[in-house]
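Results of the structural survey
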Amino acid sequence: MSRLQSPPPDRDACMAVERRIDAARLEAWQSDIRRRSGVCHSGFDPDPPRLRSEAELRAAARRRIANQRAWRRSPRGRLEALAAEVQAVSGRTLRAGRDLAGYRAAAAIPEFSEAAQRLTRLAAAARRALRDLEASEGRPE
């Protein structure tokens, strides 16, 4: 049986997150400067944030990817990834079911049968992931 896995983290998306972090730091500093502009004493303004170089951004993005991968391999990460997949598959199944006249018609449609089988496999995998999570957190099963 193949192990369910979420897609690998995207390097470009992680770089974009790191850039947004720097932009947010700069915006917060600028906002603070504007707020203080009416009552400002010389030398009391906060220092501007140090924006990271491209190399520092790439290193931060690599750390973010490594952290995401480690989290996805953890019991909690596996369980949450499974929950997201179950939600997506069940949503597609429910939308398909709304268009059907009845269960007999649904059972005859291959997509519906495949989705039902997939949901059964996902539910079993989710139960295993939940047991692993509870075991890793020391909770009784």
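Because the structure is a prediction, the values reported are computed rather than measured.

1. Examining the pattern of salt bridges
- This structure, assessed with the given rule, holds 10 salt bridges.
- Between Asp-22 and Arg-52 there is a salt bridge whose closest N-O contact spans 2.9 Å. Placement of the pair is Asp-22 in helix H1 (residues 11-36) and Arg-52 in the loop between H1 and helix H2 (54-73), with a sequence separation of 30 residues. Each member of the pair, Asp-22 together with Arg-52, is buried.
- Salt-bridge contacts for Arg-78 lead to Asp-132; the nearest nitrogen and oxygen are separated by 2.6 Å. You can see Arg-78 sitting in helix H3 (residues 75-98) and its partner Asp-132 sitting in helix H5 (residues 110-136), a full 54 residues away along the chain.
- Take Asp-132: its relative accessible area is 35%, and that puts it in the partly exposed class.

2. Some details on H1
- The terminal C-alpha atoms of H1, which comprises 26 residues, lie 38 Å apart, in line with the 38 Å expected from a rise of 1.5 Å per residue.
- Looking at the buried side of H1, the elements it contacts are H2.
- The opening residue of H1, the one whose side-chain oxygen lies 3.3 Å from the backbone nitrogen of Asp-12, is Asp-10.

3. As for H2
- The terminal C-alpha atoms of H2 lie 29 Å apart, and with 20 residues this matches the ideal 28 Å at 1.5 Å per residue to within 8%.
- If you check which residues of H2 are buried, you get Leu-57, Ala-60, Ala-61 and Ile-65. Projected onto a plane normal to the axis of H2, the buried residues spread over an arc of 145° and lie on a single side. Relative to its buried face, H2 has exposed residues pointing more than 90 degrees away, namely Arg-62, Arg-63, Asn-67 and Arg-73.

4. Considerations on the confidence of the model for the protein
- Taken as a whole, the protein shows an average pLDDT of 78; of its residues, 73% reach a score of 70 or greater.
- Summarising per-element confidence for the protein, the mean pLDDT is lowest in helix H4 (residues 103-108) (59) and highest in H2 (92).
- Taken as a whole, residues 1-5 scores under 50 in pLDDT and shows seven contacts with residues more than four places along the chain or in a different chain.

5. Some words on the packing of H1 against H2
- In contact at an axis separation of 9 Å, H1 and H2 are set at 120° when each is read in the N-to-C sense. Considering the angle they form, H1 stands oblique to H2. For the crossing formed where H1 meets H2, the hand is right-handed. Residue-level contacts link Arg-11, Cys-14, Met-15, Val-17, Glu-18, Arg-19, Ile-21 and Asp-22 of H1 to Glu-54, Leu-57, Arg-58, Ala-60, Ala-61, Arg-64, Ile-65 and Gln-68 of H2.
- Taken together, the residues of the contact of H1 with H2 break down into eight nonpolar, one polar and seven charged.

The rules behind these values
Residues numbered from 1 in each chain as written. Predicted model: local features only at pLDDT ≥ 70, side-chain atom pairs only at ≥ 80, totals over all residues. Heavy atoms only, no water. Salt bridge = Lys/Arg side-chain N within 4 Å of Asp/Glu carboxyl O. Helix = DSSP H or I, 4+ residues; strand = E, 2+ residues; numbered from the N terminus. Buried < 20%, exposed > 50% of the residue type's maximum accessible area, 1.4 Å probe, protein only. Expected span 1.5 Å × (residues − 1). Contact = heavy atoms within 4.5 Å. Polar contact = N/O pair within 3.5 Å; in protein donor to acceptor, adjacent residues only side chain to side chain. Arc of directions from axis to C-beta. pLDDT = per-residue confidence, 0-100. Axes fitted to C-alpha atoms, helices over the stretch in contact; angles between N-to-C directions. Parallel < 35°, antiparallel > 145°, perpendicular 65-115°, else oblique. Left-handed = near helix turned anticlockwise from the far one by under 90°. Nonpolar A, V, L, I, M, F, W, Y, C, P; charged D, E, K, R; others polar.

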